[in-house]
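Descriptive structure summary
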Amino acid sequence: MKILDYLHSHLLILDGGMGTLLQARGLRPGEHPEHWNLTHADDIIDIQRAYFEAGSNVVNTNTFGANPLKFEAEELTRIIEAAVRNADEARKRAAGEHPKYISLDIGPLGRLLQPFGDLPVEEAVAAFAEIVRIGSRCGVDLITIETMNDMRETKAALLAAKENSSLPVLVTNAYGEDGHLMTGASPAAMAALLEGMGADMIGLNCSFGPKQLAPVARELLRVSSRPVVLKPNAGIPRDVDGKTVFDVGPEEFAADVAALVREGVRVVGGCCGTTPEYIAALKAAVREIEPVPVTAKDETVISSYTKAVSFGADPVMIGERINPTGKKRMQQALRAGDLDLILEEGIGQQEAGAKVLDVNVGLPDLDEAALLPQVVEQLQAVCDLPLQLDSADPVAMEAALRAYNGKPLINSVNGKAESLAAVLPLVKKYGGVVVALTLDEAGIPADAEGRVAIAKKILQAAEEAGIDKKDLLFDPLAMAVSADPGAARVTLEAVERITRELGCRTVLGVSNISFGLPARGALNGAFLSAALARGLSAAILNPHSPEMQRAWCAHRALHGLDADFSSWLVFAALDTVRTVKAEDTAAVPAEEPADGSALQRAIVKGLKDQAGALAAELLTETEPLALVQQEIIPALDRVGQGFERKTVYLPQLLMAAEAAKSAFAEVKRVMERGDRPAESAVRCPVVLATVEGDIHDIGKNIVALLLENYGFAVHDLGRDVPPQRIVDEALRTGAPLAGLSALMTTTVPAMERTIALLREQAPACRVVVGGAVLTKEYAERIGADHYAKDAMETVRYAEAVTAEV
């Protein structure tokens, strides 16, 4: 029986941890677990056989860290082939009549993808594709993509799986204490992306025990139309008599997971610290539980890399301003490759209340297929709103869809056969909600009946392409009343009928209605109010228009969509200010922006080029060190405090750091030109390294970037660094602080050896440690001076060390 057929009416039991079991069998610190497929095949087979006999339906190949960034092509092929052979041999030897499947296990590559890191997206896709092709040739039953803490990398892996195999795909992400991924994605945002791209099972693994992960599992159950997967750790690691143990035993683990199975989780297993004993206990705990049917969620949802936006009772405002049509400045900027204007426009619309941004860069003399994905990546680097990708060019659209981080709104398809054939396959492959225009080869129907008929035709074509109607957003087309006085009435009727009769969501480009007439804002506002009253789900408009804002906020206030009238009160206050200013421009003094000075705002918003230019300008009249202390550091502190409060996520933190780096470069340039060395602005040296045997350096790289922007002289030794090299660098630089990172349980012993060597040879050097597998207690046990749960805490500790030196 194929695995998806089995899952339809059964619970699916996965396996448990591998790394800690290999350590117990002699895996040396720094040794790659994947090599054991070749050198210790019997041990791998024995562990996997034990999992099958404990009740696992699915056992992963021992390939979590096997990727082209870690192994050469020939070695990678031998490792994966051996891993699949071992798993198949375990299946043959295992007792039990239950169905047994082998999954190709794929973990993170260990590098952060652009624009927040240095790894190009397509290189990541190619790396994952190589793994998928080898594993698929070997005859695995499915693919598991697990422990991903970044949406963009998750998408790259899933895209590679879908483009290079026809196997079912299970995807799980590693969520933090705040219920988000490291780079900010919420469970709803991940579910939107993964479902849209066709993942067969979605969920979460690693990080914590089942009790701590329960809220995320419940959120996925609420939003997901796919079977939900749960693979928790055996709690939190701690030290007992010099050995690493986890604080949740098999029976407690099984009971906690079984409780979530009763709520609807359909695929369960274990991660770090779990063993065949845990899986046997889990199997027993769920044996009598009737699987809860997976239900389709009728939600029209798009997402950015952090948040999901739903189209329903509460209308969605789509900002229309990123479009060069009729905008000479924007046209000039696009032709010059100067994207600051576009980024500022996006940020401004977000601040004005837009929930989605339309992005159109189409100009006759530009390469739209190259420019649109570039704009999308840069805009997503400074703004976390979902985007509406707006292009009539299918090549440009596909390029943008590959680059987009999330589930986008796609503008657009229509009833023409050519359009349906070009656009719907892209929607199916990459996921997204597509705007469907009610026009076809015959043009735009003059009545609502004709527009509804085209909507039905598009629905039929979408169904045949495997696209659910919830992923269609119909635009009945607002036409200028100056050309046809009955145009507004027809559009409003079509909105109401598509909403009521077809059960679909709708959107309109509102401002078209007033084309050719004076006082357009008043007409647009009145039309928007009428459309919202008839059930309009979203509107493409200018968020800076007072008339549009008045209609929008009034509708939400009057329909119980504005809790405590908070939005209406903000609008009313701004409207009063506008009125006073219009009557007496001297009556209202200019205020400093909420983000501080212009330079501070540029840093906070991550506008790298603008930050550099503003810093250069300020340095003509400001002392360099004063600029650092009064502008750069306060801006970084503001973002860092937001990160610590979980109101700002890693991408915004990184882009702010890059913007600060640009400003700091201007400071160094001025100081090098004068009679004071640039080093006078630099604090003490800090040595950073990912410990021996560990190639994952995302966290360490983030720490390095932030420390540099806070003025520390960072000596980054990279990843897989031997203990003696770290000690030698600490002695050479006289660093009072060393920062060590480890992601995997198998490399923590290397971290402990490094700390011991530092204590012996460089006792004055303090040690701060961090990584997904560490806790404060664990860090203390291996001799570290401080455990930092994130990059900002490392900065704070470095500041404290500096104050004492």
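**Points about the domain arrangement of the chain**
A common measure of how large an interface is: the accessible area buried when the components associate. When cut into domains, the chain gives domain 1 (3–286), domain 2 (300–540), domain 3 (593–673) and domain 4 (682–804). Using C-alpha coordinates to define each centre, domain 1 is positioned 38 Å away from domain 2. The contact between domain 1 and domain 2 buries some 1,700 Å² in all, and 49% of this surface belongs to carbon and sulfur atoms. Counting every contact that joins domain 1 to domain 2 gives four salt bridges. With a closest N to O distance of 3.9 Å, Lys-470 and Glu-195 form a salt bridge.

**Observations regarding the packing of aromatic side chains**
Two numbers describe a pair of aromatic rings. These are the distance of the centres and the angle of the planes. A complete count under the given rule lists four aromatic pairs for this structure. On the basis of an interplanar angle of 80° and a centroid distance of 5.5 Å, the ring pair of Phe-253 and Tyr-278 is categorised as edge-to-face. Of this pair, Phe-253 sits in helix H10 (residues 250–263) while Tyr-278 sits in helix H11 (residues 276–286); the two residues are 25 residues apart in sequence, bridging distant segments of the chain. Residue classification places Phe-253 among the buried positions, given a relative accessible area of 0%. Plain terms: the ring middles of Trp-568 and Phe-571 are 5.3 Å apart, the flat faces sit at 40° to each other, and that makes the pair tilted. You can see Trp-568 and its partner Phe-571 sitting in helix H21 (residues 566–583), three residues apart, about one turn around the helix.

**Observations concerning the sheet that holds strand E21 (residues 685–690)**
Strand order in this open sheet of five strands is E22-E21-E23-E24-E25, and the pairing throughout is parallel. Two strands close off the open sheet at either side, each with one partner strand: strand E22 (713–716) and strand E25 (786–787). The sheet contact formed by E21 and strand E23 (residues 737–741) spans five bridges and is parallel. Counted as the bridge partner of Thr-690 is Ser-741 from E23. Sitting on the sheet, helix H26 (residues 698–709) is in contact with E21, E22 and E23, with an inclination near 165° to E21. Packed onto the sheet, helix H30 (residues 791–804) meets E23, strand E24 (766–770) and E25 and runs at close to 175° relative to E24.

**Observations regarding unusual backbone geometry**
Of note, the amide linkage connecting Gln-114 to Pro-115 takes the cis form, showing an omega dihedral of 5°. Cis geometry marks the peptide bond from Asn-411 to Ser-412, where omega comes out at 20°. At Leu-477, a residue that is not glycine, the phi angle is positive and equals roughly 70°. Summarising the element assignment, Leu-477 is placed in the loop between strand E18 (472–475) and helix H18 (487–501).

**Concerning helix H17 (residues 448–464)**
Helix length check: H17 (17 residues) gives 25 Å between terminal C-alpha atoms against 24 Å at 1.5 Å per residue, within 8%. Along H17, the residues classified as buried are Ala-448, Gly-450, Arg-451, Val-452, Ile-454, Ala-455, Ile-458, Leu-459, Ala-461 and Ala-462. Tucked inside the fold, the buried residues of H17 contact strand E16 (409–414), helix H16 (417–430), strand E17 (433–437), E18 and H18. Positive phi appears at Gly-466, one or two residues downstream of H17, with a value of about 85°.

**With respect to the environment of Val-309**
Tracing the backbone through its elements, the reader meets Val-309 in strand E12 (residues 308–311). It is 40 Å that separates the C-alpha atoms of Val-309 and Tyr-51, two residues lying 258 residues apart in sequence. If near-sequence neighbours (up to four positions away) are discounted, Val-309 is found in contact with Thr-300, Val-301, Ile-302, Val-316, Lys-355, Val-356 and Pro-386.

**Topic: the state of the cysteines**
Applying the stated rule across the entire model yields zero disulfides. Cysteine Cys-553 is unpaired, with the sulfur of Cys-383 as its nearest cysteine sulfur at 19 Å.

**Observations regarding the pairing of E17**
Summarising burial for E17: five of the five residues are buried, a large majority. Side chains Val-433, Val-435 and Leu-437 of E17 all project onto a buried face; the interleaved residues Val-434 and Ala-436 project onto the opposite face, where all are buried too. Pairing between E16 and E17: five bridges, direction parallel. Directly across from Ile-410, in E17, lies its bridge partner Val-434. In this fold, the crossover linking E16 to E17 by way of H16 has right-handed handedness. Handedness of the β-α-β unit built from E17, H17 and E18 comes out right-handed.

**Quick word on the side chain of Asn-67**
Its location among the elements puts Asn-67 in the loop between strand E2 (58–60) and helix H5 (73–93). Among all residues touching Asn-67, those that are not within four sequence positions of it are Leu-76, Pro-108, Leu-109, Ile-131 and Ile-695.

**Quick notes on the nonpolar core**
Membership of the largest hydrophobic core comes to 200 residues, with the highest contact counts inside it found for Phe-128, Ile-145, Phe-474, Ile-632 and Leu-707. The greatest single-element share of this core, amounting to 13 residues, is contributed by helix H25 (residues 650–673). For Leu-707, the contacting residues outside a window of four places in its chain are Val-686, Leu-688, Phe-712, Val-714, Val-795 and Ala-798. Membership of the second largest hydrophobic core comes to 28 residues, among which are Ala-689, Val-691, Ala-742 and Ala-750.

**Brief notes about the confidence of the model for the chain**
In low-pLDDT segments, the atomic positions of the prediction should not be examined closely. Across the chain, pLDDT averages 92, with 96% of residues at or above 70. Every residue in residues 585–593 scores below 50 in pLDDT, and together they form five contacts with partners more than four places removed in sequence or on other chains. The low-confidence segment residues 675–680 (pLDDT under 50) makes nine contacts with residues lying over four places distant or belonging to another chain.

Cut-off values and rules
- One numbering rule holds for all chains: residues counted from 1, following each sequence as written.
- At least 70 in pLDDT is required for a residue's local features to be given in this predicted model, at least 80 for side-chain atom pairs to be given and counted, and no such filter applies to totals for whole chains, interfaces and linings, which use all residues.
- The side-chain quantities take in all heavy atoms of the structure and omit both hydrogens and water.
- Note that domain bounds follow an automatic or database assignment of domains.
- Summed over both partners, the accessible surface that disappears when two parts come together, traced with a 1.4 Å probe, is what is meant by buried area.
- Salt bridge, as used here: a side-chain nitrogen of Lys or Arg that lies within 4 Å of a carboxyl oxygen of Asp or Glu.
- The pairing test for Phe, Tyr and Trp rings, Trp by its six-membered ring, is centres within 6.5 Å, and the orientation test on the planes gives stacked under 30 degrees, edge-to-face over 60, and tilted for anything in between.
- For helices the rule is a DSSP run of H or I covering at least 4 residues; for strands it is a run of E covering at least 2, with both sets numbered from the N terminus onward.
- A 1.4 Å probe rolled over the protein chains alone gives each residue an accessible area, and that area as a share of the maximum for its type sets the label: buried under 20%, exposed over 50%, partly exposed in between.
- Strand pairing is defined by DSSP finding a minimum of two bridges between the two strands.
- Whether two residues touch is decided by their heavy atoms; if any such pair falls within 4.5 Å, the residues are in contact.
- Orientation is described by lines fitted to C-alpha atoms, with helices fitted over the stretch in contact, and by angles between N-to-C directions that extend from 0 to 180 degrees.
- Take the number of residues in a helix, subtract one, and multiply by 1.5 Å to get its expected span.
- What counts as a disulfide here is a pair of cysteine sulfur atoms lying within 2.5 Å.
- Looking down the strands as they point away from the viewer, one classifies a crossover as right-handed if the path from the first strand across the helix to the second runs clockwise.
- Only buried residues count toward a nonpolar core. Its members are Ala, Val, Leu, Ile, Met, Phe, Trp, Tyr and Cys residues joined through side-chain atoms within 4.5 Å.
- Looking at any residue, its pLDDT shows the predictor's confidence there, from 0 to 100.

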